[in-house]
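Inside the fold
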Amino acid sequence: YHFSEQPLPNVAERPRFDVTANGAQPNDDQYDEAGIQAAVDERPELHSMGTTMTMAYIVWPRAFIVHVGDSRCYHYLNGKLRQVTRDQTMAQALVDEGALPADRLASSPFSHVLVSAIGGESATPVVTRLDIRDRNSVLLLCSDGLTAHASDDDILLHTDDGARVTLTCGPA
């Protein structure tokens, strides 16, 4: 998805990065798409692996949230926390279809089975436009490493505390 007036550069013209213990090295062909596929061909156990992504692209006064998988974006404003993204999991799909009660979503054995993932068989990015012109808006982007261990109420409690600190200690 691309929102700019400028065309994206050709994929071949973009720098590639090796994000290894040695640090990011531009133009390293080892980690391009063909290189990843070659690694999967050599190690079949990697075949079913994928990753999730949630990112915010800010063009004031809007945020464009790009989301794949079960990482999340929350919008905090005036003491209220709203989940902006929907988990792209089998359990959420079952809830959406009415086959699983919403109160059993978190305990479902399918709650971490992704139906969309980068590098997986299917990646379906969802782009959401969010108005953030209120300067008290806070965006929280997080992985399921947080949401698997903290409820939305816990996240609200700590986001509320953090927002107060930012508003108190931040620039006037």
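Let me sum up the structure you'll find in this document. Numbering of residues starts from 1 in each chain and follows the order in which that chain's sequence is written. pLDDT decides what is reported in this predicted model: residues at 70 or higher carry local features, side-chain atom pairs at 80 or more are listed and counted, and totals for whole chains, interfaces and linings draw on all residues regardless. Think of the side-chain values as coming from all heavy atoms in the structure, minus any hydrogens and water.

Overview of a nonpolar patch on the surface
Side chains of M90, F110, V113 and V115 sit close together on the surface and give an oily, nonpolar patch of about 300 Å² of accessible area. Structurally, the position occupied by V113 is in the loop between α2 (90–96) and β7 (126–131). For V113, a relative accessible area of 36% gives the class partly exposed. By definition, no residue in a patch forms a salt bridge, and every one has over 30% relative accessible area; like charges are joined within 9 Å, nonpolar side chains (Val, Leu, Ile, Met, Phe, Trp, Tyr) within 5 Å. To be clear on the numbers: accessible area is Shrake-Rupley with a 1.4 Å probe, and residue cover counts the displayed protein chains and nothing else. Salt bridge, as used here, is a side-chain nitrogen of Lys or Arg placed within 4 Å of a carboxyl oxygen of Asp or Glu. The numbering of helices and of strands both runs from the N terminus, where a helix is a DSSP run of H or I of at least 4 residues and a strand a run of E of at least 2. The rule is simple: take the accessible area with a 1.4 Å probe, protein chains only, and divide by the maximum for that residue type; under 20% is buried, over 50% is exposed, in between is partly exposed.

A few points about the sheet that holds strand β6 (residues 80–83)
When DSSP finds at least two bridges between two strands, those strands are taken to pair. A sheet is described by the order of its strands in space; here three strands give the open sequence β6-β5-β8, paired in antiparallel fashion. Each edge of the open sheet is held by one strand with a lone partner, namely β6 and β8 (138–142). Across this sheet, the average inter-strand angle for adjacent strands is 25°, counted without regard to direction. Relative to β8, strand β5 (residues 72–77) is paired through five bridges, and the arrangement is antiparallel. Looking across to β8, one finds that Y76 is bridged to V138. The axes used here are C-alpha line fits, helices contributing only the stretch in contact, and every angle between their N-to-C directions lies in the interval 0 to 180 degrees.

With respect to the pairing of β5
Burial runs high along β5: five of the six residues are buried. Alignment of β5 against β6, held across four bridges, turns out to be antiparallel. When the sheet's bridge partners are listed, Y74 is paired in β6 with Q83.

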